[in-house]
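Chain residues, written in single-letter form:
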Amino acid sequence: MDTTFDPKRFEKRLYSKWKDNKYFSAHPNKDKKPFTVMMPPPNITGQLHIGHALTMTVQDSIIRYKRMKGYETLWLPGTDHASIATEVKIIDKLAEEGITKEQLGREGFLKRAFAWKEQYGGRIIKQLEQLGSSCDWDRLAFTMDDNLSRAVKETFVRYYEKGWIYHGARIVNQCPHCKTAISDAEVEYETEEGNLWHIRYPEVGGGEGIIVATTRPETLLGDMAVAVHPGDKRYAKLVGKQLALPLTDRTIPVIADEYVDKSFGTGAVKITPAHDPNDFEVGLRHNLEVMRVMDDTGHMNELAGKYAGMERYEARSAMVADLEALGLLVKTEPHTHNVGHCHRCHAAIEPIVSKQWFVRMSELAKPAIDVVKNKKLRYLPKRFEKNYLHWMENIRDWCISRQLWWGHRIPVFYCDACGGEFVSREELKVCPKCGAPVRQDEDVLDTWFSSALWPFSTLGWPDKTPDLEYFYPTNVLITAYDIITFWVSRMIYSGLEFMGQAPFDTVLIHGLVRDELGRKLSKSLGNGIDPLEIIDEVGADVLRISLVSGVSAGGDIKYSTKKQEGFRNFMNKIWNASRFVLMNAEGVEILPIEKVRLTLADKWIVTRLNETIADVSKYMERYEVGLAANRLYDFVWGEFCDWYIELSKVSLYSSDEKKRQATVSVLVRVLRDILKLAHPVIPFITAEVYDNLPEAVRDAEDIMISPYPSVKDLKSYRIDARKMEAVMDAIKRIRAVRADMGVKPNRRTSIFVKPNALISKLLGSAGEYLVKLASGNDFAEVVSKPDGCTTIITAFGEVYIPLGELVDRDKELERLGKELDNAKGELARAEGKLANEKFVAKAPKALVDAEREKIEKYKERIAVLESKTAETSKL
RNA sequence: GAAGGUGUAGUUCAGUUGGUUAGAACGCUACCUUGACAUGGUAGAGGUCAUAGGUUCGAGUCCUAUCAUCUUCACCA
């Protein structure tokens, strides 16, 4: 093994080995329990970003853990066609070549789109591999694959036949740039500075009329009424009267409706049913006509008179100018309001009435609410359940048609001859009624319509396949909180509807990756982090552990180069600790731990390993990968490397072959279990080292299919492990005193110990540890303090070190003074507690006893320190 | 406007059902190349746990209010 950790030497090789050996493949297996995770399919719009790297790492870690735990694990990968997002990208690309999608035609465009999918989908798969993802490539899916498209049609038809899909005129969010309607969820609101234009609508027959306030004067041409509040005395007389609609020759009525807020603006609202969702509702209540004055691209249409053909904002200025010329513009006041934007292209949304396909949500939402309320499905962390329930309980019908080409075409056919409308699983050529040729609906479905089916369409639904039988429902869905409404909720109600069971029992929500300053990563900010660059620089393991570590459920994580560097160092630490172990293991026969005589240190590390296994497993069971990683980090660095490796040198460099063999066996065994525990998070380095372990401890042909360590009963080690900790306490205190006194590290001294009652019959080995780790020269047990020594109180007993001429009398007094103050403080605190009768009466007995013990301990310590102080001051 | 999260060392975060002297990493200071690793080791400085009340024998932890900050949802013309 090389002296430094260099992931380039093994990552690619290991991944190929895993893939070639089909370790990732899952098959229905009655002897094993399944554990299934559906990968949220990345969009084929580009390449993976750091957020993908986070979610994939969490998923892979959990999958690898469960695989080692003996489950038949399926992690099903795939990509999403991402209808609107991809179409926008392709159109941009075409624009660079100087062509439009219309020039290509539908067929030609789709050809381009599939080529795009090959290119970018392929790239994403490469990236997933580089990350180390152990997903089942044999099951790779794409939302527009034949069988998934079949599932989409099946779903549409079933909804349609139930009457849950309808075609109707509603106000939709029209994106003038993407030229399609988008769902409510795809609208992002942003606060903008605008104007509130106050416009007078004169009364027919000459009255002053009414002044209305509007932020969108261009929609005036579609006004069908002016509404006031029924209880508003200012306008009571005008209700029912006709007003002259400015810039037109139309007249419109004044109506009364509860919807109007008396205190806002002038208390009078222009009602434009075709261009505002609230106005649309008002219009329905008052039987108003719907007059649409704008087209799908944000231009005024032929009903807009002289403004026809103008772009919406151009029309706005023109009309404001004209109103002003007519003296009808009363005032213009600045107004801050929220404007919806398309979350893909960011153009301002235009609410427009149009005919679209909708899915009625009332029936679908109910079971999806119940399943969470009945705790059959939980969110981790729990607080996201509130988010979800709030959304579900207030859900509106889902607009599923999109005026795009890239996606699943709506399986509805129209017959122009007889006016028939037919939904069909198969492509229709002629009208089933009259035999005339039919045409298919031009629109495609919302991209989430297909991803909503992901957990079962990828397993073969609507067929009853063995896969579906075995792997559905899946276990946990892992994703960031930003797509709960888009996607998670839709999978839940789809699964309940078509499979009769929720698609998973747990939704694990993780945060978003942010930069060092806590900002979202985005292209416009230029703070994007490319996961591939990081892999190239430091390897996939470092990227993975940097992403998941320190993440507790649901919280966002900040990615910094500092953090990355820290974990790069950690990898190097593991690498070198492994080198140390392997070097010492060379030529030594490794025995099972049960068969060798263990030292204090050996028992201690095995005990600590056991506790680490318990904790890490517990965290992994709770899907707390970040906490598991941190726990391991502390154990590997803080206990295994900093302490055990150093302690083991006592045995390794001794002449006692048996002792050496025992410790080597422990080293190798502990290292192996560390590798196994860490493998789910850092698969590459652990696999590489595992392959270099002595045969005796390699329990599988590859670490990824080896069994996960389990907790053992080690009660019999407990006392020795405690003794070891007492020795370690002594070592730390000796070091601290030496450093405090300015003793050079290379100056070794004798160490004398007067052990306390608890520690007996182990001085020989303890002495070796003291000498080795506390700069000792030799060691002896004594019954009282030798002359010229300084006293150090430790858990192990009193330790004396002759510092000779190095003892600085004043410094020593200062040190003793500090310790004395500290001990007195603690004594006072404990005594204060016990003086409180209520504490003694109410606190648990163990706690009270602990305080009593503490008083004894500190009294004793104070006595020692005081006598020592007196002695020193006489010098 | 509604709901929710967060607030602990200079920075990033841990801190289980309330119970030792509130921990780690990075950074900082001092010392050290000791036979895995200077991408290292040892020791150290640094915290009125946002603020004010309350419950309790006991609060970083539970409750209330306030402030700061972030997110989601709704959107009034």
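See the structure printed just above.
Residues numbered from 1 in each chain as written. Chains lettered and ligands numbered in written order. Predicted model: local features only at pLDDT ≥ 70, side-chain atom pairs only at ≥ 80, totals over all residues. Heavy atoms only, no water.

### What to know about the pairing of strand E9 (residues 225-228)
- Across the two faces of E9 the burial is the same, with Ala225 and Ala227 and Val226 and Val228 all buried.
- As defined by bridge partners, E9 adjoins strand E12 (residues 268-271) across four bridges and the pair is classed as antiparallel. The residue bridging alanine 227 from the neighbouring strand is valine 269, located in E12.
- Bridge analysis of E9 against strand E11 (residues 251-256) gives three bridges, and the strand direction is parallel. Residue pairing across strands places alanine 227 opposite isoleucine 255, the latter belonging to E11. (Buried < 20%, exposed > 50% of the residue type's maximum accessible area, 1.4 Å probe, protein only. Helix = DSSP H or I, 4+ residues; strand = E, 2+ residues; numbered from the N terminus. Pairing = 2+ DSSP bridges.)

### Quick look at the protein's contact with RNA strand B
- Taken together, 55 residues surround RNA strand B, and among them Tyr189, Arg396, Tyr653, Arg829 and Lys842 come closest.
- Protein-adjacent atoms of RNA strand B, using a 4 Å cutoff, are sugar or phosphate at a proportion of 59%.
- Within the backbone of aspartate 261, a nitrogen or oxygen atom sits 2.7 Å from a base nitrogen of RNA strand B.
- Residue asparagine 338 places a side-chain N or O atom 2.8 Å away from a base nitrogen belonging to RNA strand B.
- Ranked by residue count, the leading element in the surface near RNA strand B is helix H16 (residues 561-585), at ten residues.
- Here the residues of the surface near RNA strand B sort into 21 nonpolar, 14 polar and 20 charged. (Near = heavy atom within 4 Å. Polar contact = N/O pair within 3.5 Å; in protein donor to acceptor, adjacent residues only side chain to side chain. Nonpolar A, V, L, I, M, F, W, Y, C, P; charged D, E, K, R; others polar.)

### Concerning helix H19 (residues 657-678)
- Taking 1.5 Å per residue as the helical rise, H19 with its 22 residues ought to reach 32 Å, and the 31 Å between its terminal C-alpha atoms agrees with that figure.
- Two or three places before lysine 658, at the opening of H19, aspartate 656 has a side-chain oxygen 3.1 Å from that residue's backbone nitrogen. (Expected span 1.5 Å × (residues − 1).)

### Points about the pattern of salt bridges
- In this structure the tally under the stated criterion is 58 salt bridges.
- Here glutamate 350 makes a salt bridge to arginine 216, at a shortest N to O gap of 2.6 Å. Here glutamate 350 is found in strand E14 (residues 350-359), whereas its partner arginine 216 is found in the loop between strand E8 (207-214) and E9, with 134 residues between them in sequence.
- Here arginine 733 ties to aspartate 729 by a salt bridge, and the two come within 3.1 Å at their closest N and O atoms. Within this pair, arginine 733 and its partner aspartate 729 are both found in helix H21 (residues 718-740), separated by four residues, close to a single helical turn.
- With relative accessibility at 18%, the residue aspartate 729 sits in the buried group.
- Taken together, the shared-partner salt bridges in this structure form one network comprising Glu186, Arg402, Asp446 and Arg490. (Salt bridge = Lys/Arg side-chain N within 4 Å of Asp/Glu carboxyl O.)

### Some words on the pairing of strand E7 (residues 187-203)
- Of the pairings in the sheet, the one linking E7 to strand E13 (residues 329-342) comprises 13 bridges and is antiparallel in character. Bridge assignment links glycine 194 to a residue of E13, and that residue is histidine 335.
- Alignment of E7 against E8, held across six bridges, turns out to be antiparallel. Bridge pairing links isoleucine 199 to valine 212 in E8.
- The hairpin turn running from E7 into E8, its antiparallel successor, is three residues long, and glycine 205 in that turn takes a positive phi close to 90 degrees.

### Structural notes on unusual backbone geometry
- Omega for the peptide link from tryptophan 461 to proline 462 comes to 10 degrees, which places this bond in the cis form.
- Residue proline 473 is reached from tyrosine 472 by a cis peptide bond, and omega for that bond is -5 degrees.
- Counting through the fold element by element, proline 473 comes out in the loop between helix H12 (466-471) and strand E22 (476-480).
- Backbone geometry at tyrosine 623 places phi at a positive 65 degrees, although glycine is not the residue there.
- Note that tyrosine 623 resides in the loop between helix H17 (600-621) and helix H18 (625-652).

### Thoughts on the sheet that holds strand E16 (residues 398-399)
- Taken together, the four strands give an open sheet; going across it, the order is E6-E5-E14-E16, and neighbouring strands pair in antiparallel fashion. In this open sheet, the two strands that pair with only one neighbour each are strand E6 (180-182) and E16.
- With three bridges connecting them, strand E5 (residues 165-175) and E6 associate as antiparallel partners. Pairing of cysteine 175 across the sheet is with threonine 180, part of E6.

### Brief notes about H18
- Taking 1.5 Å per residue, 28 residues should reach 40 Å; H18 reaches only 35 Å between its end C-alpha atoms and comes up short.
- Considering bend angle alone, the principal kink of H18 is centred on phenylalanine 640 and spans about 40 degrees.
- With respect to burial, H18 is a largely interior element, 20 of its 28 residues being buried. (Bend = angle between axes of the 7 residues up to and from the residue.)

### Quick word on the packing of aromatic side chains
- Per the counting criterion, the structure on display carries 34 aromatic pairs.
- When the ring of phenylalanine 109 is compared with that of tryptophan 405, the centres are 5.8 Å apart and the planes differ by 70 degrees; the resulting orientation is edge-to-face. Highlighted residues: phenylalanine 109 in helix H4 (residues 101-131) and tryptophan 405 in the loop between strand E17 (401-402) and strand E18 (412-415), separated in sequence by 296 residues. The residues phenylalanine 109 and tryptophan 405 share a single accessibility class, namely buried.
- On the basis of an interplanar angle of 45 degrees and a centroid distance of 6.5 Å, the ring pair of phenylalanine 456 and phenylalanine 498 is categorised as tilted. Placement of the pair is phenylalanine 456 in helix H11 (residues 454-457) and phenylalanine 498 in helix H13 (residues 484-499), with a sequence separation of 42 residues.
- Given the relative accessible area of 11%, phenylalanine 498 is considered buried.
- An aromatic cluster is built from Phe156, Tyr159, Tyr160, Trp164, Trp357, Trp398, Phe449, Phe456, Trp461, Tyr472, Tyr493 and Phe498, whose rings are joined through pairwise contacts.
- When the ring centre of tryptophan 405 is taken as origin, the NZ or CZ atom of lysine 101, which lies over that ring, is 4.6 Å away.
- Between the NZ or CZ atom of lysine 618 and the centre of the ring of tyrosine 619, over which it lies, the distance is 5.0 Å. (Phe/Tyr/Trp six-rings, centres within 6.5 Å; stacked < 30°, edge-to-face > 60°. Lys NZ or Arg CZ within 6 Å of the ring centre and 35° of its normal.)

These results come straight from atomic positions and should not be treated as a statement about function.
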